[in-house]
2 protein chains.
Amino acid sequence: MKRRTFIKNSSLTALSVTAFGIVDSRSEGFTLNQKLRVNEDRIENRIFELAKYGRDENGRGYRVAYSKGDIEGRAWFMQLMENAGLEVSIDSGGNILGKRKGKNPSLKTIAFGSHIDMVPDGGDYDGTLGSLVALEVIEVLNENKIVTDHPLEIIIFSNEEGGTFGSKALVGKLTTDNLKLMSQSGLTIAEGIKAISGDTHNLTSCIRNKEEFLAFVELHIEQGGILDKENIRVGVVEGIVGIDEWDVTVEGFANHAGTTPMNLRKDAMLSAAKLIIACNEVISSHKGKQVGTVGKISAQPGAYNVVPGKAVFGLEIRDLSQDKIRTLFQEIEKRAAAIAAEDGTTITFNQILNMSPALSNKAIQDKIVQSAKELGLTYKNMQSGAGHDSQQMATIAPMGMIFVPSVGGISHSPKEFTKAADIANGANVLLQTIMALDRE
Amino acid sequence: MKRRTFIKNSSLTALSVTAFGIVDSRSEGFTLNQKLRVNEDRIENRIFELAKYGRDENGRGYRVAYSKGDIEGRAWFMQLMENAGLEVSIDSGGNILGKRKGKNPSLKTIAFGSHIDMVPDGGDYDGTLGSLVALEVIEVLNENKIVTDHPLEIIIFSNEEGGTFGSKALVGKLTTDNLKLMSQSGLTIAEGIKAISGDTHNLTSCIRNKEEFLAFVELHIEQGGILDKENIRVGVVEGIVGIDEWDVTVEGFANHAGTTPMNLRKDAMLSAAKLIIACNEVISSHKGKQVGTVGKISAQPGAYNVVPGKAVFGLEIRDLSQDKIRTLFQEIEKRAAAIAAEDGTTITFNQILNMSPALSNKAIQDKIVQSAKELGLTYKNMQSGAGHDSQQMATIAPMGMIFVPSVGGISHSPKEFTKAADIANGANVLLQTIMALDRE
């Protein structure tokens, strides 16, 4: 197995330890349990252990959902869960559930977890980290002989990377169309769910009740590079952005590039270029964290010597507020109308995706902030620009997410890396957040 | 055979006839031969006759070079040339030559002609018209029992549409690389030349001498729509533009479209859009007839949800002056450097085509102008934005081109159409220009 060099950031660890000594029992209404600390080495060793499962013929990471590596990795993970005394099962959607009884069975469940499937040639931290850190919380409770008041549950969702299909199943949003889709593994989603011991004949049985959970909390690497760049240890996720996508079609008139004078042209590419800049101006001119992207384009007929009669490009806007996305889009529509009028072209927008934002629960955010503060860790409120299982879970449970830095913001790449000290810091925040939720 | 409605523009014809009556023997040093007039109906009927040769399985025009239709059309044309008393041959490059002796064999040859191959689903006038009008000149001389002082020669070039390969062969510019190229017919250029009775083993034998021609004159439809739009009967071509083409590569940094803040992006597509507009501004801001086009583009990796790390587009600039093309390109390079610096991207230009302009001979232009004036026809000096066999011929002979209007400027389309009156006007200009050249 190819393993990257392990970088132990001793100064950061020292800082955390010092902080632990200072902050105990300092704040009002929130007491840091000084004894409870995660085992940094155990988590990191398990990252490297799990990375052994799933390799393609060239030795690259290939634990894509439903593949041999995914199935073997899940078996390894379930064994660890059983070793930790959890009651382990696979629901009909293929999600791995690990339950731990609380003192009071009438209380709602505190759930946490992530996923262990990966994109082809992906990294060892996306999803994996949140899954192993969830297990670490259980290990620490076991070692300290702590039984929480609330029942606890680890959820390892199936096929997150393909489109959060496991969490969709769990919240009742998996469609029959989804089941027919071809997954990266070469199996359809339906075939894949069966391959990992799910049961597509009883997909309603895995749907969880809205009253069942006190919270769902997910720890994940931050894929935008903001924490790493700003040297901040913990991201407190305010929500997962909504995503709207459009195909934008500009129509002009195709003509001979040699014989058509500049002033007689209706050049679709030129209008498209103006609109691409206008999109960027509209998105960038508003305050906030919204992003907008033109990621694909074609000019038609697409020859050096033909004035393009048509240009089609993809426009995507993401923000935590659906209203803001709508406002931005309306501004872009106005700019498009002006460009079309000026150039004698026509511009049409065809929406192809409308994914609603998922807001984090404010009380859970507060507990994450408080945990970070008590642990002496720098933190930052931020949004998640990427989709996660938490987005689905937010539809049935109060949701919270904890981000830890990913070096260079690199993700979906073999270069994905999070320092062990940052893993431990984030894991301790998750642990303390769960404990704080239990004290409610 | 599908034939379009024949529109006889009687007012235009009447105007021309009136003009003929007025202008005879009016000007100094240039005497219009009032008896010599082309036969409008004969030319147009032959257009429709030739259009019968070459159809694809769906009945669309398909007289592409080296195809069955091309071979049959050429045979039909050669028969007409023989009927007109020409000494007909096919040179080793597959060009059809039709020679008519002059009174003085020591004088240089006056050559004229065009091509009869077409693009797939093309029209019946591009090339065909110039070829049949050239033959009409001979018919009129025969009918009027005129023998010119200079030898005359009709040249029907092979495979103009594929890349002026016949005229390249005739001027000695056909390369061995050219011979290996696959043509539209499914044959390589070498195989195609053999299929039309050329001789690829003796390609030097078709190369003509620089001292051989007094002039080469080609009549062609004007493919830019300028004559039609401005209601002008004759275009006096000042030259065929040079064409420079580049692949322009913009490199930024590919990133997640959801997690990468707007101010941390190096969006290659955005820089490309700015540069496309800059190209248009540079080209349009200079006086003159230069044109510049971005006709193809791609963004990479090319997904809605990835900030493009790379964008590649095609840039083409055409003008009669190579210096002007160079100046425009240097301005574009400066704009590119400024955009790259502003956006943190890199922009590189890779030239893939550098075709020199071909200037028309000034004395021939004057004779075309004088002929149009004497015939009472409106005319306009203009450049050819499209390539023609005349571009190659200009390298070995004084060259001139006569344009006639194409309705709507439409070309390379079944809708290509030139009114019979405009055909006759242009043909009479060609006839009188040949006669004027002979009087030198």
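Source: prediction; values computed, not measured.

*Asks:* Let's hear about unusual backbone geometry: which residues, and what values?
*Replies:* Most peptide bonds are trans, and most residues other than glycine sit at a negative phi. Cis geometry is found at the peptide bond from Gln300(A) to Pro301(A), where omega equals 5 degrees. Relative to the assigned elements, Pro301(A) resides in the loop between β9 (291–300) and β10 (306–307). A positive phi is found at Asn159(B), a non-glycine position, where the angle reads about 40 degrees. With respect to the secondary-structure elements, Asn159(B) resides in the loop between β4 (152–157) and α5 (165–171). For Asn159(B), a relative accessible area of 4% corresponds to the buried category.

*Asks:* Quick rundown of helix α13 (residues 420–438) of chain A? Include the residues and the values.
*Replies:* In this model α13(A) runs 27 Å from its N-terminal to its C-terminal C-alpha over 19 residues, within 8% of the 27 Å that 1.5 Å per residue would give. For α13(A), the buried fraction is high: 19 of the 19 residues fall into the buried class.

*Asks:* So, the packing of helix α9 (residues 268–285) of chain A against helix α10 (residues 322–343) of chain A: which residues are in play, and what are the values?
*Replies:* Residue and element names in this part refer to chain A. It is the contact of α9 with α10, at a shortest axis distance of 9 Å, that shows an interaxial angle of 150 degrees. Of the possible angle classes, the one that applies to α9 and α10 is roughly antiparallel. Considering only the axes of α9 and α10, their crossing is right-handed. Listed contacts from α10 to Leu 270, Ser 271, Lys 274, Leu 275, Ala 278, Cys 279, Glu 281, Val 282 and Ile 283 of α9 are Leu 328, Glu 331, Ile 332, Arg 335, Ala 336, Ile 339, Glu 342 and Asp 343.

*Asks:* Could you give an account of the interface of chain A and chain B, naming the residues involved and the relevant values?
*Replies:* Taken together, the contact pairs 49 residues of chain A with 49 residues of chain B. The interface formed by chain A and chain B contains zero salt bridges. Among the secondary structure elements, those contributing two or more residues to the side of chain A that touches chain B are α8 (226–230), β7 (242–251), α9, β9, β10 and β11 (310–319) of chain A. Residue composition of the side of chain A that touches chain B, grouped by class: 24 nonpolar, 17 polar and eight charged.

*Asks:* So what about the pairing of strand β4 (residues 152–157) of chain A? Which residues, and what values?
*Replies:* Residue and element names in this part refer to chain A. For β4, a buried count of six out of six residues is recorded, marking the element as mostly surrounded by other parts of the structure. Burial along β4 is two-sided: the residues Leu 152, Ile 154 and Ile 156 and Glu 153, Ile 155 and Phe 157 are all buried. Of the pairings in the sheet, the one linking strand β2 (residues 96–100) to β4 comprises five bridges and is antiparallel in character. Opposite Lys 99, over in β4, you have Glu 153 as the bridge partner. By the bridge criterion, six bridges tie strand β3 (residues 109–115) to β4 in an arrangement that is parallel. Bridge pairing links Ala 111 to Glu 153 in β4. With helix α4 (residues 128–143) bridging β3 and the parallel β4, this β-α-β connection has right-handed handedness.

*Asks:* So what's going on with the pairing of β2(A)? Which residues, and what values?
*Replies:* Residue and element names in this part refer to chain A. The buried fraction of β2 amounts to four of the five residues, a majority that puts the element mostly inside the structure. Direction of pairing for strand β1 (residues 87–90) relative to β2: antiparallel, over a ladder of four bridges. If you follow Ile 90 over to β2, its bridge partner there is Ile 96.

*Asks:* Please provide a residue-by-residue account of the packing of aromatic side chains, values included.
*Replies:* All names here are of chain B. For the structure shown, the criterion picks out 12 aromatic pairs over all chains. The interplanar angle of 40 degrees and the centroid separation of 6.1 Å between the aromatic rings of Tyr 53 and Trp 76 together place this pair among those described as tilted. Residue Tyr 53 is located in the loop between α2 (40–50) and α3 (68–83), and its partner Trp 76 is located in helix α3; the two are separated by 23 residues in the primary sequence. The exposure class of Trp 76 is buried, given its relative accessible area of 14%.

*Asks:* I'd love a proper account of the domain arrangement of chain A, names of residues and values included.
*Replies:* All names here are of chain A. Taken domain by domain, chain A comprises domain 1 (3–241 + 358–438) and domain 2 (242–355). With centres defined by C-alpha atoms, the gap from domain 1 to domain 2 works out at 38 Å. Every contact between the two is made by 12 residues of domain 1 and, on the other side, seven residues of domain 2. Buried surface at the junction of domain 1 and domain 2, both sides included, amounts to about 720 Å², of which 55% is carbon and sulfur.

*Asks:* Requested: an account of the environment of Glu57(A), with residues and values cited.
*Replies:* Residues and elements named next belong to chain A. Its place among the elements puts Glu 57 in the loop between α2 (40–50) and α3 (68–83). By relative accessible area, which is 74% here, Glu 57 ends up exposed. Taking C-alpha positions, Glu 57 is 26 Å from Phe 165, a pair spaced 108 residues apart along the chain.

Calculation criteria
Residues numbered from 1 in each chain as written. Chains lettered and ligands numbered in written order. Predicted model: local features only at pLDDT ≥ 70, side-chain atom pairs only at ≥ 80, totals over all residues. Heavy atoms only, no water. Helix = DSSP H or I, 4+ residues; strand = E, 2+ residues; numbered from the N terminus. Buried < 20%, exposed > 50% of the residue type's maximum accessible area, 1.4 Å probe, protein only. Expected span 1.5 Å × (residues − 1). Axes fitted to C-alpha atoms, helices over the stretch in contact; angles between N-to-C directions. Parallel < 35°, antiparallel > 145°, perpendicular 65-115°, else oblique. Left-handed = near helix turned anticlockwise from the far one by under 90°. Contact = heavy atoms within 4.5 Å. Salt bridge = Lys/Arg side-chain N within 4 Å of Asp/Glu carboxyl O. Nonpolar A, V, L, I, M, F, W, Y, C, P; charged D, E, K, R; others polar. Pairing = 2+ DSSP bridges. Right-handed = clockwise from strand over helix to strand, strands pointing away. Phe/Tyr/Trp six-rings, centres within 6.5 Å; stacked < 30°, edge-to-face > 60°. Domains from an automatic or database assignment. Buried area = accessible area lost by both parts, 1.4 Å probe.

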